[in-house]
Amino acid sequence: MNEFKVKDTALASKGFLQIEWASKHMPVLNQIKERFAREKPLKGLTLGACLHVTKETAVLVETFLAGGAQVALCGSNPLSTQDDVAAALAEKGVHVFAWRGQTTEEYYWCVERVIDYAPTITLDDGADLVSTLHSKRTETLPSIKGGTEETTTGVMRLRAMEKSGTLKYAIIAVNDAYTKYLFDNRYGTGQSTIDGILRATNILLAGKNFVVCGYGWCGRGLAMRAQGMGANVIVTEVNPLRALEAAMNGYRVMPISQAAAVGDIFVTTTGDINVIRTEHMQKMKDGAILANSGHFNVEIDIKSLEKIAVSKRRMRQNLEEYTLEDERKIYLLAEGRLINLAAAEGHPSEVMDMSFANQALSVEYLTKKERLPPKVYSVPKEIDEMVARLKLNAMGIKIDELTEEQKRYLATWEMGTI
Ligand SMILES: NC(=O)c1ccc[n+]([C@@H]2O[C@H](COP(=O)([O-])OP(=O)(O)OC[C@H]3O[C@@H](n4cnc5c(N)ncnc54)[C@H](O)[C@@H]3O)[C@@H](O)[C@H]2O)c1
């Protein structure tokens, strides 16, 4: 019998419809799935995955099943699991341990259940699976051939492990593929973060001061989409190049201490800790809304918000009201967890199509290789380019090819002005 733990198995039929809907918008992954079904490149392998359990992840899991693997899966955030999808995956024979609204203990309990299956390859989103393997479950490490990492924060943690000599197996940084971060982090996070804020609040963005903390790939996408909705975007940064880019893209740039007093909505997308702190909250306008779209719920100092608040109440789903001593209200969305996954459905399927195509092909790449030295690797360029070509093809877009003369010209130095 399949082992799993989900909220309610009766939700499976709803989950299957969601997965079918996502699948219709994931043509690249579907092509890979068809090939995997023919070639069975993952036959007999066990994959251990710690990914947001969404309808798009389910399409990735189906791709692995088609390739002959068995999959153990847990969520990569206590608040991001789509319970209907988890139920459908359980019915499909996936060892899924995930439900929405977990405590931290329950979350790590699920991570450890995945490790119990002694995976040959791991897939992570935020590096909680890898860090648990390297701290509490080291007995499993020798049999692991390699792994993949989905997000910026995870790659950052893995690079720190590599640097300190702690990392014990090779990991491919899927996040760093062009066909991942340029689209997923930028357009995916941009659109779905707005979606999450709107579902949680239903406020009008037009005319509001919308503060984006961190002008990285996620922040760029978010600023662009918020501006498109008519908001006045303010960017806060610590990196001078990114700050300059934001300024030249037409946004106001200022320190968070200054933005705190004028912002109506604040969204953190930094991957950093305590970006919005007590001293900033103390300056905020009555009714300020705080949300986070970075990986962990550490970007807004929620503990301090709890301390300075005299009372707290839930106004509606994913919206908590904190009343401060001077009666000002501050609203926190989705407990400071990734707003796009907690209050909406995460990235649209079309972008996850590319991110997960990179995941599927990177897993296949790792299985074909001898065990690589324990380092963080880039997605091979051939995979990245193949994903781009397949996506363009699926979108019906054709591009030019270099002529022989152009190839020669671009590879030589002799010719200058004529
Ligand atoms: N919500 C999602 O679905 C989703 C999707 C992809 C990535 N992420 C997460 O979002 C976060 C950002 O990812 P990214 O790809 O944009 O990273 P990035 O490295 O491209 O950008 C982060 C930016 O934040 C800036 N920053 C760091 N500390 C700051 C501070 N104290 N104040 C202001 N700016 C600061 C950095 O200088 C950098 O420009 C990560 O945690 C990543 O894992 C979330």
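Fair warning: this is a prediction, and the values are worked out from it, not measured in the lab.

Undergrad: Is there a simple way to think about the environment of Gln 359 in this case?
TA: By the secondary structure assignment, Gln 359 is in helix H15 (residues 349-368). On the basis of relative accessible area, Gln 359 is assigned to the buried category, the value being 0%. Put simply, Gln 359 and Val 379 are 20 residues apart on the chain and 9.1 Å apart in space, counted from C-alpha to C-alpha.

Undergrad: Sorry if this is basic, but what is going on with the site of the ligand here?
TA: What surrounds the ligand is a group of 27 residues, the closest being Thr 151, Thr 152, Thr 153, Glu 237 and Asn 340. The contact in question runs from an oxygen atom of the ligand to an N or O atom on the side chain of Thr 153, over 2.5 Å. Within the backbone of Cys 218, one N or O atom sits 2.9 Å away from an oxygen atom of the ligand. Across the complex, the protein chains shield 87% of the 860 Å² of accessible surface that the ligand would expose by itself. Counting residues per element, the ones that place at least two in the shell around the ligand are helix H7 (152-163), helix H8 (178-201), helix H9 (217-228) and helix H14 (339-342). Here the residues of the shell around the ligand sort into seven nonpolar, 17 polar and three charged.

Undergrad: When you look at the nonpolar core in this model, what are you seeing that I'm missing?
TA: Nonpolar side chains in soluble globular proteins generally cluster together in the buried interior. Ranked by size, the top nonpolar core spans 49 residues in total, and within it Phe 64, Leu 73, Leu 89 and Val 96 carry the most contacts. When residues of this core are assigned to their parent elements, the largest contribution, eight residues, is made by H15. Those residues within four positions of Val 96 in sequence are excluded, and the remaining contacts are Glu 3, Phe 4, Lys 5, Val 6, Leu 73, Ala 86, Leu 89 and Ala 90. By size, the runner-up hydrophobic cluster in this structure holds 27 residues, among which are Ile 194, Leu 205, Phe 210 and Ala 231.

Undergrad: I would appreciate a short explanation of unusual backbone geometry in the present structure.
TA: Where the residue is not glycine, phi is negative for most of them; where a peptide bond is considered, it is trans in most cases. A positive phi angle is found at Asn 318, which is not glycine, with a value near 65°. Within the element layout of this structure, Asn 318 appears in the loop between strand S12 (309-316) and strand S13 (319-324). Of note in the backbone geometry, Glu 327 takes a positive phi value of approximately 75° without being a glycine. Mapped onto the secondary structure, Glu 327 falls in the loop between S13 and strand S14 (329-333). Given the relative accessible area of 61%, Glu 327 is considered exposed.

Undergrad: Explain the environment of Pro 373 here, please?
TA: Along the chain, Pro 373 turns up in the loop between H15 and strand S15 (376-378). Given a relative accessible area of 47%, Pro 373 falls into the partly exposed group. Between the alpha carbons of Pro 373 and Ile 171 there is a distance of 9.5 Å; along the sequence they are 202 residues apart.

Undergrad: I keep staring at the pairing of strand S1 (residues 46-50) and nothing clicks. Help me out?
TA: Within a regular strand, the side chains alternate between the two sheet faces. Within S1, five of the five residues are buried, which leaves the element mostly enclosed by the surrounding structure. Side chains of S1 alternate between two faces, with Thr 46, Gly 48 and Cys 50 and Leu 47 and Ala 49 buried alike. Bridge count between S1 and strand S2 (residues 70-74): five bridges; the pairing is parallel. Each residue of the ladder has a partner; that of Leu 47, found in S2, is Val 71.

Undergrad: When you look at helix H16 (residues 381-394) in this model, what are you seeing that I'm missing?
TA: Because each turn of an α-helix spans 3.6 residues, side chains separated by three or four positions in sequence point in the same direction. The terminal C-alpha atoms of H16 lie 20 Å apart, and with 14 residues this matches the ideal 20 Å at 1.5 Å per residue to within 8%. Looking at H16, one finds that the buried residues are Ile 383, Asp 384, Val 387, Leu 390 and Lys 391. When H16 is viewed along its axis, its buried side chains cluster within an angular range of 130° and face the same direction. Opposite the packed face of H16, turned more than 90 degrees from it, sit the exposed residues Lys 381, Glu 382, Arg 389 and Asn 393.

Undergrad: Looking at this structure, how should I read the pattern of salt bridges?
TA: Side-chain pairing between opposite charges can occur once the charged atoms of the two side chains come close. Overall, the coordinates contain 31 salt bridges when judged by the stated rule. A salt bridge links Lys 14 to Asp 84; its shortest N-O distance comes to 4.0 Å. With Lys 14 in helix H1 (residues 12-24) and Asp 84 in helix H4 (residues 83-91), this residue pair connects regions lying 70 residues apart in the sequence. With its nearest N and O atoms 2.9 Å apart, the salt bridge here joins Arg 199 to Asp 195. A residue pair is termed a helical-turn pair when its members lie 3 or 4 positions apart in one helix, as Arg 199 and Asp 195 do in helix H8 at four residues.

Undergrad: Quick question: what am I supposed to make of the sheet that holds strand S3 (residues 95-97) here?
TA: Strand pairing within a sheet occurs via backbone hydrogen bonds; the two strands may be parallel or antiparallel. Judged by pairing direction, the sheet is parallel, and its seven strands sit side by side in the order S3-S2-S1-S4-S5-S6-S15 without closing on themselves. A single partner strand is all that each edge strand has here, and the edge strands are S3 and S15. Across the sheet, the mean angle separating the axes of adjacent strands is 20° when strand polarity is ignored. Sheet topology note: the S1/strand S4 (residues 121-124) ladder contains four bridges and is parallel. Across the sheet, the residue bridging to Leu 47 is Ile 121, located in S4. On the sheet, H15 packs against S1, S4, strand S5 (146-149) and strand S6 (171-173) and is oriented at approximately 165° with respect to S5.

About the cut-offs
Residues numbered from 1 in each chain as written. Predicted model: local features only at pLDDT ≥ 70, side-chain atom pairs only at ≥ 80, totals over all residues. Heavy atoms only, no water. Helix = DSSP H or I, 4+ residues; strand = E, 2+ residues; numbered from the N terminus. Buried < 20%, exposed > 50% of the residue type's maximum accessible area, 1.4 Å probe, protein only. Near = heavy atom within 4 Å. Polar contact = N/O pair within 3.5 Å; in protein donor to acceptor, adjacent residues only side chain to side chain. Areas by Shrake-Rupley, 256 points an atom, 1.4 Å probe, with all protein chains shown as cover. Nonpolar A, V, L, I, M, F, W, Y, C, P; charged D, E, K, R; others polar. Core = buried A, V, L, I, M, F, W, Y, C linked by side-chain atoms within 4.5 Å. Contact = heavy atoms within 4.5 Å. Pairing = 2+ DSSP bridges. Expected span 1.5 Å × (residues − 1). Arc of directions from axis to C-beta. Salt bridge = Lys/Arg side-chain N within 4 Å of Asp/Glu carboxyl O. Axes fitted to C-alpha atoms, helices over the stretch in contact; angles between N-to-C directions.

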